[in-house]
Amino acid sequence: MSSTQTQLQGKLLKFIRDRQYEQGERLFSEREFAEKFSTTRAAVREAITALEALRIIERRKHSGIYLRDLNADASIDALVLEVNAGIHQSSEQIESAIELRGVLEIGAIRHAAVRRSESDLELLSQILDASENKLLEGDDIRAEDVNFHKAIVGSTGNTLLVRVVNWFYEFSNERRKQYFSDYNFSLISHSEHQQIFEALRQGDPEACAASMRNHLLHTSKVWSVILKNPENRGKS
């Protein structure tokens, strides 16, 4: 799919969000969308098909295009499209994403503790070394943080879980930029990563879960403070 087509999908979704359409409400026709965004009906038709696949809208024969229940029906991939389109994430969405992360990663590391191989540990060690070098240079470790957490999930051998976690990190990309803009959070994350790695090296599922829970709890507390500050909400 071309970047132009992806951008058009984002524009349509942002227009729908900004107009505050209600569930079940009839949207513009293909012709009206084409005129609104100065493009062809063929391009709009393709974008509408993609939004329909994401369960954002539905086409009713001889009737038109209608909005579905975005909270109950829409695919999780629709959230990534929203972020890429610059659609503001609500505090509730961010809090739900943080909660989801805990469910995924605490459960994952329990499995990783008994399934990880020596090559998995070597990869994690290399990522920690790369983090150390970044910190010595005064840089943030946002990329290394993603690699560290993905490597842990990868060591479970559960490819479906890997795909879900990949989605989460794409969805949270902009939010993570804000978090790691504070160098101190890179220092804290690296220290906690080292504790997680040691628990994983020892192969203790409960120690691993406890270290991951502590790590995610710190992140949750930071975001709780950020979300209480009105000046920061628009940046999330």
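Preceding this paragraph is the structure being described.
Described below are features of the structure shown in this document. (Residues numbered from 1 in each chain as written. Predicted model: local features only at pLDDT ≥ 70, side-chain atom pairs only at ≥ 80, totals over all residues. Heavy atoms only, no water.)

Here we look at the overall build of the protein chain
When you go through the protein chain residue by residue, the secondary structure sums to 12 helices and 2 strands. With respect to the three principal axes, the spread of C-alpha positions in the protein chain is 65 × 40 × 30 Å. Expressed as a percentage of its 236 residues, the buried residues of the protein chain come to 43%. Once local pairs closer than 6 in sequence are excluded, the contacts in the protein chain between residues at least 24 apart make up 68%. Surface accessibility of the protein chain: about 12,500 Å² in total, with carbon and sulfur atoms responsible for 47%. (Helix = DSSP H or I, 4+ residues; strand = E, 2+ residues; numbered from the N terminus. Buried < 20%, exposed > 50% of the residue type's maximum accessible area, 1.4 Å probe, protein only. Contact = heavy atoms within 4.5 Å. Areas by Shrake-Rupley, 256 points an atom, 1.4 Å probe, with all protein chains shown as cover.)

Some details on the side chain of E82
By the secondary structure assignment, E82 is in helix α4 (residues 77–84). When neighbours within four sequence positions are excluded, E82 is seen to be in contact with L13, R17, I87 and Q93.

Overview of the layout of surface pockets
If a probe as big as a water molecule is rolled over the atoms, it shows which places are left empty. One number sums up the size of the largest pocket: a volume of about 310 Å³. Lining of the largest pocket is provided by 13 residues; of these, R17, L70, N71, L79 and Q93 occupy positions nearest its centre. Per-element accounting of the lining of the largest pocket gives the leading share, 3 residues, to α4. Classifying every residue of the lining of the largest pocket by side-chain character gives 7 nonpolar, 4 polar and 2 charged. (1 Å grid on protein atoms, 1.4 Å probe; cavity = no way out; pocket = protein on both sides within 12 Å on 5 of 7 lines; lining within 4 Å. Points joined across faces, edges and corners; volume = space filled by probe spheres on them. Nonpolar A, V, L, I, M, F, W, Y, C, P; charged D, E, K, R; others polar.)

Comments concerning the environment of V225
Here V225 is to be found in helix α11 (residues 205–228). A sequence separation of 110 residues divides V225 from R115, and the C-alpha atoms of the two residues are 36 Å apart.

Concerning the nonpolar core
The tendency in soluble globular proteins is for nonpolar side chains to be buried as a group. L12, L27, F33, I48, I56, I57 and L67 are the most contacted members of the largest nonpolar core, which has 25 residues in total. Secondary structure elements with two or more residues in this core: α1 (3–18), α2 (30–36), α3 (41–53), β2 (64–67) and α4. Filtering out sequence-adjacent residues up to four positions away, F33 remains in contact with L12, F15, L27, F28, V44 and I48. One finds A151, I152, M212 and L216 within the second-largest nonpolar core, a separate group that totals 19 residues. (Core = buried A, V, L, I, M, F, W, Y, C linked by side-chain atoms within 4.5 Å.)

Some thoughts on the packing of aromatic side chains
One pass over the full model with this rule turns up 10 aromatic pairs. Geometrically, the ring pair formed by F33 and F37 is stacked, given 6.5 Å between the ring centres and 20 degrees between the ring planes. With a relative accessible area of 1%, F33 lands in the buried category. Their ring planes at 5 degrees and their centres at 5.4 Å tell us that W167 and F171 sit as a pair that is stacked. Linking W167 with F171, this pair stays in helix α8 (residues 159–171), spanning 4 residues, or about one helical turn. Members of the aromatic cluster, connected to one another through ring pairs, are F15, Y21, F28, F33 and F37. The ring of Y66 is capped by R60, whose NZ or CZ atom sits 3.9 Å from the centre of that ring. (Phe/Tyr/Trp six-rings, centres within 6.5 Å; stacked < 30°, edge-to-face > 60°. Lys NZ or Arg CZ within 6 Å of the ring centre and 35° of its normal.)

Some words on the packing of helix α6 (residues 118–136) against helix α7 (residues 142–154)
Running from N to C, α6 and α7 point in directions that differ by 165 degrees, and their axes come no closer than 9 Å. One element, α6, and the other, α7, form an angle in the roughly antiparallel class. Where α6 crosses over α7, the handedness of that crossing is left-handed. Along its contact with α6, which presents L123, L124, I127, L128, A130, S131 and K134, the element α7 presents E144, N147, F148, A151 and I152. Classifying every residue of the contact of α6 with α7 by side-chain character gives 8 nonpolar, 2 polar and 2 charged. (Axes fitted to C-alpha atoms, helices over the stretch in contact; angles between N-to-C directions. Parallel < 35°, antiparallel > 145°, perpendicular 65-115°, else oblique. Left-handed = near helix turned anticlockwise from the far one by under 90°.)

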